[in-house]
Amino acid sequence: MKLKLDTKKIYLTMAERGITATEIARQGGVSQQAVSNALSGNRIGKVKVVPAICKALDFSAKDIVIIED
């Protein structure tokens with residue numbers, strides 16, 4: 001089982017709201033590099049990255065996490 005983010009949905013929402021990866025990192029208390037890594041599809045990385053994205057963009061984890069077999 002592999003977890004990945006729905007980056008298309010995240011980037012679209014970021015653009016609509018004018019929110020940057022740096023702002024997501026600041027709001028969520030994680031590094032900008034961790035957010036960038038997760039959004040580039042490399043890996044979700046730190047467990048705190050998903051809650052940081054959810055908090056900044058007003059999503060639940062169900063909205064943005066894709067589970068692949």
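Parameters and conventions
- In every chain, residue numbers begin from 1 and rise along the written sequence.
- Under the rules for a predicted model, residues below a pLDDT of 70 receive no local features and side-chain atom pairs below 80 are neither given nor counted, while totals for whole chains, interfaces and linings still include all residues.
- Only hydrogens and water are set aside; all other atoms, that is, all heavy atoms of the structure, feed into the side-chain values.
- For helices, the fitted axis covers only the stretch in contact; all axes are lines through C-alpha atoms, and the angles between them, taken along N-to-C directions, range from 0 to 180 degrees.
- Helix numbering and strand numbering both begin at the N terminus, where a helix is a DSSP run of H or I of at least 4 residues and a strand a DSSP run of E of at least 2.
- Here roughly perpendicular refers to angles of 65 to 115 degrees, roughly parallel to angles under 35, roughly antiparallel to angles over 145, and oblique to all remaining angles.
- Crossings are sorted by hand: turned counterclockwise from the far helix by less than a right angle, the near helix makes the crossing left-handed, and turned clockwise it makes it right-handed.
- Residues are treated as being in contact if the distance between any of their heavy atoms lies within 4.5 Å.
- Residues are grouped as follows: nonpolar covers Ala, Val, Leu, Ile, Met, Phe, Trp, Tyr, Cys and Pro; charged covers Asp, Glu, Lys and Arg; every other residue, Gly included, is treated as polar.
- We call a residue buried when its accessible area falls under 20% of the maximum for its residue type, exposed when it is over 50%, and partly exposed in between, using a 1.4 Å probe and counting protein chains only.
- Directions are taken from the helix axis to each C-beta atom, and the arc is the one they span.

A. Focus on the packing of helix H2 (residues 21–28) against helix H3 (residues 32–39). Contact pair H2 / H3: the axes reach a minimum separation of 8 Å and the direction vectors enclose 120 degrees. It follows that H2 is oblique to H3 by the angle criterion. Classified by chirality, the crossing of H3 by H2 is right-handed. Note on element contacts: H3 touches H2 through Gln32, Val35, Ser36 and Leu39, opposite Ala21, Thr22, Ile24 and Ala25. Residue composition of the contact of H2 with H3, grouped by class: five nonpolar, three polar and no charged.

B. How the structure looks around helix H1 (residues 7–17). Among the residues of H1, Ile10, Thr13 and Met14 are the ones counted as buried. The buried residues of H1 occupy one face: seen down the axis, they fall within an arc of 105 degrees. With respect to the buried face of H1, the exposed residues turned more than 90 degrees away are Lys8, Leu12, Ala15 and Glu16. Elements that come into contact with the buried residues of H1 comprise strand S1 (2–5), H2, H3, helix H4 (49–57) and helix H5 (61–64).

C. Representation of the environment of Ser60 in the model. As for its placement among the helices and strands, Ser60 is situated in the loop between H4 and H5. When the C-alpha positions of Ser60 and Val50 are compared, they lie 9.0 Å apart, and in sequence the two are ten residues distant.

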